[in-house]
Amino acid sequence: TVSIKEKVIQLRDLLSAAEVVEFSRLLPAELLTHEVIVSFLAVLELAKLKFVEIIQTENFGPMQVRAQRSMEELNYGLLDQY
C-alpha cells in the first residue's frame, strides 16, 4: 500500500519539474480506490499546511496543484502519523 508521505514526496518531485501538476499525474495507470483516496488526502494535507494551492478552472474540470511555498520547509516526519 502507498502512504500519504509517499504521495507527498511524489508530488514534491513533480512540482520541482513543473509549476502546475494535474492531480491525475499522482494516480497510477490502473486506478485503485485506496491510491486515489491517499493521493487526495496528501494534496489536502499540503493545502491545509499552505504548501500547495488546488486549482479547478471549470466545473468538473481537471484538478490542478500549484506550489505556494518550498517543500524544503515541510517536516516529513509529521507525515508518518498517517
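Details of the structure are given in the entry above.
Residues take numbers from 1 onward in each chain, read along the sequence in its written order. Local features in this predicted model are restricted to residues whose pLDDT is 70 or higher, and side-chain atom pairs enter the listing and the counts only when it is 80 or higher, whereas totals over whole chains, interfaces and linings include all residues. Computation of side-chain values: all heavy atoms of the structure, hydrogens and water removed.

Participant: How do you make sense of the nonpolar core when you look at a structure like this?
Facilitator: Within soluble globular proteins, side chains that are nonpolar tend to cluster in buried spots. With 22 residues, the main nonpolar core has Val8, Leu11, Leu15, Leu46, Val52, Met71 and Leu74 as its most contacted residues. With five residues, the top contributor of residues to this core is helix 1 (residues 4–17). The criterion is simple. A nonpolar core is a set of buried Ala, Val, Leu, Ile, Met, Phe, Trp, Tyr and Cys residues joined through side-chain atoms within 4.5 Å. Only protein chains enter the accessibility calculation, which uses a 1.4 Å probe. A residue is then buried if its area is under 20% of the maximum for its type, exposed if over 50%, and partly exposed in between. Working definition: helices are DSSP H or I runs of at least four residues, strands are E runs of at least two. Numbering for both runs from the N terminus.

Participant: Explanation requested: the side chain of Lys7 in the structure shown.
Facilitator: By secondary structure assignment, the location of Lys7 is in helix 1. For this analysis, a polar contact is any N or O atom pair within 3.5 Å, provided that within protein one partner can donate a hydrogen and the other can accept it, and provided that sequence-adjacent residues contribute only side-chain to side-chain pairs. Here Glu35 takes part through its side chain, which lies 3.3 Å from a polar atom of the side chain of Lys7.

Participant: For this particular structure, what's the right way to read the sheet that holds strand 2 (residues 52–55)?
Facilitator: Paired through their backbone hydrogen bonds, the strands of a sheet run either parallel or antiparallel. We call two strands paired when DSSP finds no fewer than two bridges between them. Read from one edge to the other, the open sheet built from three strands follows the order 1-3-2, with strand pairing classed as antiparallel. Two strands close off the open sheet at either side, each with one partner strand: strand 1 (20–22) and strand 2. In this sheet, adjacent strand axes meet at a mean angle of 25° when their direction is disregarded. Of the strand pairs in this sheet, strand 2 and strand 3 (residues 64–67) are connected by four bridges, and their pairing is antiparallel. Paired with Ile55 across the two strands is Gln64, which belongs to strand 3. Residues count as neighbours in contact if any of their non-hydrogen atoms are within 4.5 Å of one another. Working convention: axes come from line fits to C-alpha atoms, limited for helices to the stretch in contact. Angles between N-to-C directions cover 0 to 180 degrees. Relative to the sheet, helix 1 contacts strand 1, strand 2 and strand 3, its axis offset from that of strand 3 by approximately 75°. Strands strand 2 and strand 3 of the sheet are contacted by helix 2 (residues 33–48), whose axis makes an angle of about 120° with strand 2.

Participant: What's the story with the environment of Arg12 in this structure? I'm lost.
Facilitator: Relative to the helices and strands, Arg12 resides in helix 1. On the basis of relative accessible area, Arg12 is assigned to the partly exposed category, the value being 28%. Residues Arg12 and Val43 lie 31 residues apart in sequence; the distance between their C-alpha atoms is 11 Å.

Participant: Help me understand the packing of helix 1 against helix 2 in this model?
Facilitator: Packed helix pairs are characterised by how far apart their axes lie and by the angle those axes make with each other. Contact geometry of helix 1 with helix 2 gives a least axis separation of 9 Å together with a crossing angle of 65°. Between helix 1 and helix 2, the crossing angle belongs to the class labelled roughly perpendicular. Every pair of crossing elements has a handedness; the one defined by helix 1 and helix 2 is right-handed. Packed against helix 1, whose contacting residues are Ile4, Lys7, Val8 and Leu11, the element helix 2 presents Glu35, Val38, Ser39, Leu41, Ala42, Val43 and Leu46 at the interface. Should an angle fall under 35 degrees it is called roughly parallel, over 145 degrees roughly antiparallel, and 65 to 115 degrees roughly perpendicular, with every other angle called oblique. Each helix crossing is assigned a hand: it is left-handed if the near helix lies turned anticlockwise from the far helix by less than a right angle, otherwise right-handed if that turn is clockwise.

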